[in-house]
Amino acid sequence: TARQVVEFALKKVNLLAAGQTATGELAADALVELNVMLKEWMKYDSIWRLTDTSVTPTASTASISLSTANPYRVVDGRYRNTSSIDTPMEELTRQEYYDIPQKTSTGIPTSWYFDPQRATNTLYIWPVLSSVTTETIRFTYQRRYEDVDDLANDIDVPQEHLSVVGFN
């Protein structure tokens, strides 16, 4: 749990004696630092945080809200047709997507651009489907670390990395 990691770390820097437990302001400060550290680590690839999901596009619409998935970074995308055949899609940079002159061109989606914003995350596809039946856009994304808001929470890292978290 977060309590075990926090107390391990506090004992290593002599802020907590053996047998003592973290409470009050010391515990609250340690939780803040733990969350900041985990958020900073999001920029590094972590295989245990890769998640696959799919979204259903809307006919003649390029944007797909990813607010329920809330990805940190999209790794790859695939178009799945009505026969459940996946076709890899190419990632576009922001500039490449915005340079497309006709974003409402219809066809089989071959490209995607992920736009992570503070309030919402949006996946843009190009070209757009003129009609949709059972087609989906499948994508793999790196999920965000779960917040640690209580010392009783488990930390969102594999067990073998808990000592690394404690030392850091």
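Before reading on, note that the structure itself is shown above.
Since the model is a prediction, treat every value here as computed from it, not as a measurement.

Novice: Describe the sheet that holds strand β5 (residues 111-116), and please don't skip the residues or the numbers.
Specialist: In any sheet, the strands associate via hydrogen bonds between backbone groups, in a parallel or an antiparallel arrangement. Strand order in the open sheet formed by seven strands is β1-β7-β3-β4-β5-β6-β2, and the pairing between neighbours is mixed. Lying at the two open borders of the sheet, with one neighbouring strand each, are β1 (50-55) and β2 (63-65). Along the sheet, successive strands turn relative to each other by an average axial angle of 35 degrees, direction set aside. Both β1 and strand β7 (residues 136-143) contribute to a ladder of six bridges, which runs antiparallel. Within β7, the residue paired with Asp52 across the bridge is Thr140.

Novice: An account of the environment of Ala62 is needed here, citing residue identities and associated values.
Specialist: Of note, Ala62 is situated in the loop between β1 and β2. C-alpha of Ala62 to C-alpha of Leu92: the two residues are 30 residues apart in sequence and 13 Å apart in space. Ignoring sequence-local partners within four residues, the contact set of Ala62 consists of Tyr97, Lys103, Leu123, Tyr124, Ile125 and Val128.

Novice: Account for the pattern of salt bridges, with residues named and values stated.
Specialist: A side chain with one charge can pair with a side chain of the opposite charge if their charged atoms come near. Scanning the entire structure with this criterion turns up five salt bridges. A salt bridge links Asp76 to Arg78, with the nearest nitrogen and oxygen atoms 2.1 Å apart. The salt bridge partner of Arg80 is Asp86, with a shortest N-O separation of 2.7 Å. Through salt bridges with shared partners, a single network forms among Asp52, Asp76 and Arg78.

Novice: An account of the packing of aromatic side chains is needed here, citing residue identities and associated values.
Specialist: Each aromatic ring pair is described using two quantities: the centre-to-centre distance and the angle formed by the ring planes. Enumeration according to the criterion identifies six aromatic pairs in this entry. Where Tyr113 meets Tyr124, the ring centres are 6.0 Å apart and the plane angle is 15 degrees; that geometry is what we call stacked. Within this pair, whereas Tyr113 is found in strand β5, its partner Tyr124 is found in strand β6 (residues 121-126), the two being separated by eleven residues in sequence. For the pair shown, Tyr113 and Tyr124 are each scored as buried. An aromatic cluster of at least three residues, connected via ring pairs, comprises Tyr97, Tyr98, Tyr113 and Tyr124. Directly above the aromatic system of Tyr97 lies the positively charged group of Lys103, at a separation of 5.6 Å from the ring centroid.

Calculation rules
- Residues numbered from 1 in each chain as written.
- Predicted model: local features only at pLDDT ≥ 70, side-chain atom pairs only at ≥ 80, totals over all residues.
- Heavy atoms only, no water.
- Pairing = 2+ DSSP bridges.
- Helix = DSSP H or I, 4+ residues; strand = E, 2+ residues; numbered from the N terminus.
- Axes fitted to C-alpha atoms, helices over the stretch in contact; angles between N-to-C directions.
- Contact = heavy atoms within 4.5 Å.
- Salt bridge = Lys/Arg side-chain N within 4 Å of Asp/Glu carboxyl O.
- Phe/Tyr/Trp six-rings, centres within 6.5 Å; stacked < 30°, edge-to-face > 60°.
- Buried < 20%, exposed > 50% of the residue type's maximum accessible area, 1.4 Å probe, protein only.
- Lys NZ or Arg CZ within 6 Å of the ring centre and 35° of its normal.

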